[in-house]
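Residue-level structural notes
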Amino acid sequence: KQWYQRRVAITAGIIKKTQESLGTIIKKPPLTEKLLSKPPFRYLHDIISEVTKATGFLEGLYDDNEKVSSAIKDKDSKMLYLQKAIDAVGLTIGTSLSVRPSKIIAGQEAEKTNEFLQYLGRCAGKGADNEVVKRVRKGDKPTKKSESSKDGNKAKKPKEEASKGKAKERDSSKGRGRREQSGSKERVSGSKERSKERVSGSSKERASKERPERGRRERKEEKKEDPSKEKSDKKEREHKKDERKDKHEKEEQRDKEEKREKEERREKEERREEERRRRKEAEEAAAQQPDSQEQEGDPEADEEKPLTNGFHETEDTTPARI
């Protein structure tokens, strides 16, 4: 937040300086904070045109087609227009400006753009300068102050410095002679070392080529000298192969036996379950049978019983006496 406030304050201060430097020269376009914070090309074109009309500064710098902002459409022509004004201002103040036309068109470096406008106002206050316009149209560019000051210091060197330079040259020539002598010795020693390296390198190459050939020869000789060993190796390989095969067959047989045992156990369990189920059903049927017989009773016994409620006497079947 503090950085943002400081940035806004700096921008506002620069814009205020621009308004003060150009406000006394031109009345339009309006020098508002919104436009100066990110000045578009057409706005800058209008400012430069108005400054030229009011003061005569940069008069004759631009062609007729460049004086109309709507005629300048592509990026290169816009950059050329701005570069002419920047060079003219730089030649007038005696130093180059850090602002770049490409950044101005992209809407960047608003602070540097405002600095250029401030310098434009100062230069315009001096009036027209045809010499500067001629130099810009010729292709001259302003130089930095540091470079011009260096050039001036070089031109004002005293004779003492020249004599010192000559003494240094003599000392350097002596040192060069000594270095050349030592360099020749180093060359001789270096050539000897290189020759040794070449010899050692060639011997190493030969040795590296001979090694595989020697190994092949030795293997061939071993095979010729000891054919029985080759036969024994072959037998051993076959024996190992047979062992692996037998082991594989045994494992397969073991797996089959385990599967068969599992199936047998499963079948036994199923038979046991079936027997238990049948036994249970038989027991349930036997338990239900006597209950049904008791409920039905004996039909003959029911028929023999007399129909009486206990109060009536039984009928007397004995004959009466006369």
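Computed from a prediction, not measured in an experiment: that's the story for all the values here. (Residues numbered from 1 in each chain as written. Predicted model: local features only at pLDDT ≥ 70, side-chain atom pairs only at ≥ 80, totals over all residues. Heavy atoms only, no water.)

**Here's the deal with the environment of Gly90**
So the rule is basically this: Here a strand is any run of E in DSSP of at least two residues, a helix any run of H or I of at least four, and the numbering for each starts at the N terminus. Contact definition: two residues touch when any of their heavy atoms are within 4.5 Å.
On the secondary structure map, Gly90 appears in helix H4 (residues 75-93). Separated by 53 residues in the primary sequence, Gly90 and Thr143 have C-alpha atoms spaced 8.1 Å apart. Apart from the residues lying within four places of it in its own chain, the contact partners of Gly90 are Thr95 and Pro142.

**Some points on the packing of aromatic side chains**
This is how the line gets drawn: Stacked, tilted and edge-to-face are the three classes assigned to paired rings of Phe, Tyr and Trp, where Trp is represented by its six-membered ring and a pair needs centres within 6.5 Å; plane angles under 30 degrees give stacked, over 60 edge-to-face, the rest tilted. When a residue's accessible area, from a 1.4 Å probe over protein chains only, is under 20% of the maximum for its type it is buried; when over 50% it is exposed; and in between it is partly exposed.
In the structure shown here, the tally under the stated rule is two aromatic pairs. Between Phe41 and Tyr81, the ring centres sit 5.8 Å apart and the planes meet at 80°, which makes this aromatic pair edge-to-face. Taken together, the residues span a long stretch of sequence, with Phe41 in helix H3 (residues 41-55) and Tyr81 in helix H4 at a distance of 40 residues. Across the pair, Tyr81 and Phe41 agree in class, each one buried. Residues Tyr62 and Tyr81 carry aromatic rings whose centres are separated by 4.1 Å and whose planes lie at 20° to one another, so their mutual orientation is stacked. Of this pair, Tyr62 sits in the loop between H3 and H4 while Tyr81 sits in helix H4, and the two are 19 residues apart along the sequence. You'll find Tyr62 and Tyr81 in the same group, each marked buried.

**Notes on the nonpolar core**
Definition in use: Among buried residues, those of type Ala, Val, Leu, Ile, Met, Phe, Trp, Tyr and Cys that are joined through side-chain atoms within 4.5 Å constitute a nonpolar core.
Formed by 34 residues in total, the largest nonpolar core has its most connected members in Ile47, Leu58, Phe116, Leu117 and Leu120. Elements that contribute at least two residues to this core include exactly helix H1 (2-23), H3, H4, helix H6 (110-125) and helix H7 (130-138). Ignoring any residue separated from it by four or fewer positions in sequence, one finds Leu117 in contact with Thr18, Ser21, Leu22, Leu36, Leu44 and Ile47.

**Points about H7**
What counts here: By arc we mean the arc of the directions from the helix axis to the C-beta atoms, nothing more. For this analysis, a polar contact is any N or O atom pair within 3.5 Å, provided that within protein one partner can donate a hydrogen and the other can accept it, and provided that sequence-adjacent residues contribute only side-chain to side-chain pairs.
Of the positions making up H7, those classed as buried are Val132, Val133 and Val136. Summarising the axial view, the buried residues of H7 lie within an arc of 100°, below the 170-degree limit, and thus occupy one face. Turned more than 90 degrees from where H7 packs its buried face, Asn130, Glu131, Lys134 and Lys138 sit exposed. The inward-facing, buried residues of H7 contact H4. Where H7 begins, one side-chain oxygen reaches toward the backbone nitrogen of Glu131, 3.3 Å away; that side chain belongs to Asp129.

**So, the pattern of salt bridges**
Basically, it comes down to this: Any Lys or Arg side-chain nitrogen located within 4 Å of an Asp or Glu carboxyl oxygen qualifies as a salt bridge.
One pass over the structure, following the stated rule, counts 14 salt bridges. Across the salt bridge formed by Glu274 and Arg278, the nearest N and O atoms sit 3.6 Å from each other. With Glu274 and Arg278 both in helix H10 (residues 227-296) and four residues apart, the pair spans about one turn of that helix. By relative accessible area, Arg278 is classed as exposed at 55%.

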